[in-house]
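Here are the chains, one letter per residue:
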Amino acid sequence: MAESSRCETFVFLDLEATGLPNAYPEIAEISLFAIHRFSLEHPERDESGALQLPRVLDKLTLCMCPERHFTPKASEITGLNNQNLTNNHKPGFDSTVIKTLQQFLKRQESPICLVAHNGFDYDFPLLRTELQRLGTDMPEGTLCLDTLPALRGLDKAHHHSTRASHGKSYSLGNLYRQYFNDEPKAADLAEGDVYMLVMVFLHRAPELLQCFDDEAQSWDDIQPMYTPTTRRPSTLLWTLLS
DNA sequence: TGCCAGGCCCTCTTTAGGGCCTT
């Protein structure tokens with residue numbers, strides 16, 4: 001349950017990683033769009049009335065080379081692999097990434113709420129694992145919201161289940177296709193998935209913002225996906241709160 | 001290190017099983 005009844009900045013998040021939870025994945029790409037509550041409450045539209053991505057937002061996308069090898073499927077889906085990341089001399093998820101994230105989040109008005117699709121079961125536990133590997137964590141008071149159970153819950157409450165009524169799934173791509181009658185944009189690139197996540201959120205923003213109190217959780221309640229090994233002891237004392 | 005998930009939802013359910021959702 002949310003510790004605060006109001007969040008000022010929503011940071012939409014997507015991770016590309018070396019595999020699914022059963023593969024003890026490591027993050028290979030992270031993308032975040034930070035959007036203030038104002039832009040979600042006052043969505044922008046073009047001449048035809050179609051929803052637009054908010055003009056004022058902060059973006060951050062970083063690629064990093066994991067130590068673990070990609071599963072073949074993960075590499076196929078993301079277009080990333082250890083070779084092309086190494087060829088581009090990308091370091092791993094290290095203290096530089098943490099510092100960049102810290103600076104990015106510090107620019108946003110707090111409280112901050114992280115938003116991801118299936119975030120409670122994938123993105124948030126994996127991000128917490130990587131942060132714990134470096135002995136750090138998100139800023140105190142961070143909240144998080146998963147659009148997958150939130151949208152399922154809204155549809156169930158309104159008795160118009162997307163899947164039941166149209167045979168569609170709640171995958172991010174299918175939700176985008178259904179809401180905007182358009183094919184997914186740059187799916188499986190982290191930034192493309194965050195774009196679709198923001199647009200899906202905007203389509204249901206009044207309802208999602210209203211149900212925030214019931215659906216959001218404290219970051220402190222997110223359990224790491226697995227117990228990480230500590231391989232960079234020099235970063236152990238560094239924290240986001242420092 | 002690990003070599004592999006797991007919580008949630010739906011229904012031909014509840015004494016269960018199958019599929020979704022994330023890479």
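Reading guide: rules and limits
Residues numbered from 1 in each chain as written. Chains lettered and ligands numbered in written order. Predicted model: local features only at pLDDT ≥ 70, side-chain atom pairs only at ≥ 80, totals over all residues. Heavy atoms only, no water. UniProt positions renumbered as here; feature names shortened; annotations may be inferred. Helix = DSSP H or I, 4+ residues; strand = E, 2+ residues; numbered from the N terminus. Buried < 20%, exposed > 50% of the residue type's maximum accessible area, 1.4 Å probe, protein only. Areas by Shrake-Rupley, 256 points an atom, 1.4 Å probe, with all protein chains shown as cover. Near = heavy atom within 4 Å. Polar contact = N/O pair within 3.5 Å; in protein donor to acceptor, adjacent residues only side chain to side chain. Nonpolar A, V, L, I, M, F, W, Y, C, P; charged D, E, K, R; others polar. Contact = heavy atoms within 4.5 Å. Core = buried A, V, L, I, M, F, W, Y, C linked by side-chain atoms within 4.5 Å. Salt bridge = Lys/Arg side-chain N within 4 Å of Asp/Glu carboxyl O. Phe/Tyr/Trp six-rings, centres within 6.5 Å; stacked < 30°, edge-to-face > 60°.

- As annotated in an unreviewed UniProt entry, chain A carries the name exodeoxyribonuclease III and comes from Vombatus ursinus.
- The Cofactor (unreviewed entry) comment attached to chain A in UniProt states, word for word, "Mg(2+)".
- The UniProt entry for chain A carries the following text under Sequence similarities (unreviewed entry): "Belongs to the exonuclease superfamily. TREX family."

### Points about the overall build of chain A
Piece 1. A count of helices and strands for chain A gives eleven helices and eight strands.
Piece 2. Split into buried and exposed, the 242 residues of chain A put 49% on the buried side.
Piece 3. Only carbon and sulfur atoms are counted for the fraction: they give 50% of the accessible area of chain A, which is about 11,800 Å².

### Observations regarding the protein's contact with DNA strand B
Piece 1. Inspection of the region around DNA strand B gives 29 residues, with Glu 16, Arg 68, Ser 169, Tyr 170 and Thr 229 positioned closest.
Piece 2. Considering DNA strand B, the proportion of its atoms within 4 Å of the protein that are sugar or phosphate atoms stands at 46%.
Piece 3. One of the side-chain N or O atoms of Tyr 122 is found 3.2 Å from a sugar or linking oxygen in DNA strand B.
Piece 4. Take Thr 227: an N or O atom from its main chain is 3.4 Å from a base nitrogen of DNA strand B.
Piece 5. Counting only elements with at least two residues in the surface near DNA strand B, the list comes to β1 (9-17), α2 (72-78) and α6 (147-157).
Piece 6. Per element, the largest residue contribution to the surface near DNA strand B is four residues, and it comes from β1.
Piece 7. Split into classes, the residues belonging to the surface near DNA strand B amount to 13 nonpolar, nine polar and seven charged.

### A look at the side chain of Gln 108
Piece 1. By the secondary structure assignment, Gln 108 is in the loop between α4 (95-106) and β6 (112-116).
Piece 2. Overall, Gln 108 belongs to the buried group, its relative accessible area being 12%.
Piece 3. Excluding anything up to four places from it in sequence, Gln 108 contacts Thr 9, Ala 34 and Asp 58.

### Considering the nonpolar core
General note: in soluble globular proteins, nonpolar side chains tend to be found buried as a group.
Piece 1. The biggest cluster of nonpolar side chains holds 35 residues, and the ones touching the most others in it are Phe 10, Phe 12, Leu 40, Cys 113, Leu 151 and Phe 201.
Piece 2. Among the elements of the structure, β1, β2 (27-36), β6, β7 (143-146), α6, α8 (172-180), α9 (190-203) and α10 (205-210) are those that each provide at least two residues to this core.
Piece 3. Considering every element that reaches this core, the biggest residue donor is α9, with eight residues.
Piece 4. With residues up to four places along the chain from it excluded, the contact list for Phe 10 reads Phe 33, Ala 34, Ile 35, Arg 37, Leu 40, Cys 113, Val 115, Phe 201, Leu 209 and Phe 212.

### As for the pattern of salt bridges
A side chain with one charge can pair with a side chain of the opposite charge if their charged atoms come near.
Piece 1. Under the definition given, this model contains ten salt bridges.
Piece 2. Residue Arg 177 pairs with Glu 183 through a salt bridge whose shortest N-O separation is 3.2 Å.
Piece 3. Looking at Arg 177, the relative accessible area reads 29%, which means it is partly exposed.
Piece 4. Relative accessible area serves as the criterion here: at 46%, Glu 183 is assigned to the partly exposed category.

### Observations concerning the packing of aromatic side chains
Piece 1. Per the counting criterion, the structure on display carries eight aromatic pairs.
Piece 2. Arranged with centres 5.9 Å apart and planes meeting at 50°, the rings of Phe 10 and Phe 201 form a pair that is tilted. Separated by 191 residues along the polypeptide, Phe 10 in strand β1 and Phe 201 in helix α9 bring together distant segments of the chain. Here Phe 10 matches Phe 201 in class, with each residue buried.
Piece 3. Between Phe 124 and Trp 219, the aromatic rings sit 6.1 Å apart at their centres with planes inclined by 75°, giving edge-to-face as the arrangement. Here Phe 124 is found in helix α5 (residues 123-133), whereas its partner Trp 219 is found in the segment after β8 (217-218), with 95 residues between them in sequence.
Piece 4. Assessed through its relative accessible area of 0%, Phe 124 is described here as buried.

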